[in-house]
Amino acid sequence: MILFKRPGDLIDFIQKKRKSAIKVGFVPTMGALHNGHLSLIKKSKSENDITICSIFINPTQFSNPNDFEKYPISIETDIEQLELNGCDILFMPSVNDIYPENFQKNNFELGYLDSILEGQHRAGHFQGVCMVVKRLLEIVNCDILYLGQKDYQQCMVIKKMVLDLNIPVEIKISPTIREENGLAMSSRNKRLNEGEKEAALVIFEVLCFLKENIFERDIADLKVKSVEKLKAKGFDIDYVEITDEFLNTITTAEKKQTIVALIAATIGNVRLIDNMILNNANDAE
Ligand code: PAF
C-alpha cells in the first residue's frame, strides 16, 4: 500500500495511472476502521484496478467539539487492516492540506435534508460532510465512491451534492455491517463501555420490532413503544423516525412504498445512529 499525505502527490500519481484505462474506487473514512469500512474496501477491490482509502477526521462536520476531540484514533491498526485487505493507496492529509488558507467555502443547497433528523440535531454537519467529500473527490479523481447505508441520510446528501455539482462519479451504497448480536458497526462503538455496549443492542431490537410490526400496528403507537424501549435501557433519544425512502415522515404504512426506520440516541456520552429498511417497494407484489 502506498501512503500519500500531500494532495498534489496523489493527484500526480492518479493522473499518470490514468494514461492507461483503469478504474479507481474510493472509500472515504475518518479512521478507527471496522468491518463496515473493510467490506467497502473489499467491494472496491473486486470492482476496480486501484482502491484508495482516505483517513481524515474532518473538523468541519462536528457540531459538538467534544465529539471531535473524543473521536477514536487507531492509525496503526487501521494501516494494518488496510494492508491485510489489499488496499492500494492510503490518503492521510492534514487539516491544512484539505482546507488551505485560500480554501473557498461553498454553501451546499441541500434543501430539507439539511434541517431534518441528523441535519436538525447536528447543525452544519452536512455542510461539513459535503465540503470534505467534494474536496476529496477532486483529489482522488475516482470512478466509484463507496458508502455505507449505516449513514443513510449522509448517502442521500452526498448523492444530491454529486448530482447538483455534476461530479462525474458513480456512488455505490453497501448494507450496514453488524456484529453477530446485531449492533451496527461504528467507529463510535469503541467509546462504549461493556454495559453501554450491552444496552446498545436495544437499537437493533427496536429496528427489528418495527420491521415485524410495521403493517400490524399504528405508526404513532410503534414510535411510542420504541421510545419506551430505548429509554428503559438508559438512552437519551434524538429521534425514532419512520419515513419513505426520501426521508419524508410517514404516518401510515403501505406495502407499495419503501419504508425506513431511523434512530439516533445517546448512551453515556456516545451518540449512535442506525436504520433499517422495513419494507422495500420493489418487493411489493
Ligand atoms: O462517514 C464518514 O466517515 C464521514 O462522514 C466521511 C464520509 C468520511 C466524510 O468525512
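Located above this text is the structure these notes cover.
Residues numbered from 1 in each chain as written. Predicted model: local features only at pLDDT ≥ 70, side-chain atom pairs only at ≥ 80, totals over all residues. Heavy atoms only, no water.

### With respect to the sheet that holds strand E4 (residues 89-91)
In step 1: Strand order in the open sheet formed by 6 strands is E1-E4-E3-E2-E5-E6, with parallel pairing between adjacent strands. Each edge of the open sheet carries a strand with a single partner, namely strand E1 (2-4) and strand E6 (170-174). Strand-to-strand twist of the sheet, defined as the mean angle between neighbouring strand axes without regard to direction, takes the value 25 degrees.
In step 2: Of the strand pairs in this sheet, E1 and E4 are connected by 3 bridges, and their pairing is parallel. Pairing of Phe4 across the sheet is with Phe91, part of E4.
In step 3: In this fold helix H7 (residues 125-140) packs onto strand E2 (24-29), strand E3 (50-55), E4 and strand E5 (144-148), with an angle of close to 150 degrees to the strand it touches most, E2.
In step 4: Relative to the sheet, helix H8 (residues 152-164) contacts E5 and E6, its axis offset from that of E6 by approximately 170 degrees. (Pairing = 2+ DSSP bridges. Helix = DSSP H or I, 4+ residues; strand = E, 2+ residues; numbered from the N terminus. Axes fitted to C-alpha atoms, helices over the stretch in contact; angles between N-to-C directions. Contact = heavy atoms within 4.5 Å.)

### Here we look at the site of the ligand
In step 1: In the vicinity of the ligand, the contacting residues are Pro28, Thr29, Met30, Asn58, Gln61, Val132, Asp151 and Gln154.
In step 2: Note that an oxygen atom of the ligand is positioned 2.6 Å from one of the side-chain N or O atoms of Gln61.
In step 3: With respect to the ligand, the side chain of Gln154 contributes an N or O atom lying 2.7 Å from an oxygen atom.
In step 4: Protein contact buries 90% of the 290 Å² of open area that the ligand shows by itself.
In step 5: Of the residues contributing to the shell around the ligand, the split by class is 3 nonpolar, 4 polar and 1 charged. (Near = heavy atom within 4 Å. Polar contact = N/O pair within 3.5 Å; in protein donor to acceptor, adjacent residues only side chain to side chain. Areas by Shrake-Rupley, 256 points an atom, 1.4 Å probe, with all protein chains shown as cover. Nonpolar A, V, L, I, M, F, W, Y, C, P; charged D, E, K, R; others polar.)

### Focus on the pattern of salt bridges
Once their charged atoms are close, side chains differing in charge can pair, the charge on each being opposite to the other.
In step 1: In the structure shown here, the tally under the stated rule is 17 salt bridges.
In step 2: Of the charged contacts, one joins Arg18 and Asp143 as a salt bridge, the two residues approaching to 3.0 Å between their closest N and O atoms. On the criterion of sequence distance, the pair formed by Arg18 in the loop between helix H1 (7-17) and E2 and Asp143 in the loop between H7 and E5 is long-range, its members being 125 residues apart.
In step 3: Across the pair Asp67 and Arg191 runs a salt bridge, and its minimum N-O distance is 3.3 Å. Within this pair, whereas Asp67 is found in helix H3 (residues 65-69), its partner Arg191 is found in the loop between E6 and helix H9 (194-213), the two being separated by 124 residues in sequence. Neither residue differs from the other here; Asp67 and Arg191 are each classed as buried.
In step 4: One connected set of salt bridges, linked through shared partners, spans Asp67, Glu118, Arg122, Arg188, Arg191, Asp238 and Arg271. (Salt bridge = Lys/Arg side-chain N within 4 Å of Asp/Glu carboxyl O. Buried < 20%, exposed > 50% of the residue type's maximum accessible area, 1.4 Å probe, protein only.)

### A few points about H8
In step 1: The end-to-end C-alpha separation of H8 is 19 Å, in line with the 18 Å expected for 13 residues at 1.5 Å each.
In step 2: Those residues of H8 that fall on the buried side of the exposure criterion are Tyr152, Gln153, Gln154, Cys155, Met156, Val157, Ile158, Met161 and Val162.
In step 3: Lining the buried residues of H8 we find helix H6 (118-121), H7, E5, E6, strand E8 (259-267) and strand E9 (270-279).
In step 4: A positive phi of about 55 degrees marks Asn166, the residue just after H8. (Expected span 1.5 Å × (residues − 1).)

### Digging into the pairing of E8
In step 1: For E8, the tally of buried residues reaches 8 of 9 residues, placing the bulk of the element in the interior.
In step 2: By the bridge criterion, 8 bridges tie strand E7 (residues 236-244) to E8 in an arrangement that is antiparallel. The partner of Ile242 across the bridge, within E8, is Ala261.
In step 3: Judged from the 9 bridges that link them, E8 and E9 form a sheet pairing that is antiparallel. Each residue of the ladder has a partner; that of Leu262, found in E9, is Asn275.

### Describing the sheet that holds E9
In step 1: Pairing is antiparallel in the open sheet, where 3 strands are placed in the order E7-E8-E9. Here the strands that pair on one side only, and so sit at the sheet edges, are E7 and E9. If you compare each strand with its neighbour and ignore which way they point, the axes differ by 10 degrees on average.
In step 2: In this fold helix H10 (residues 219-232) packs onto E7 and E8, with an angle of close to 150 degrees to the strand it touches most, E7.

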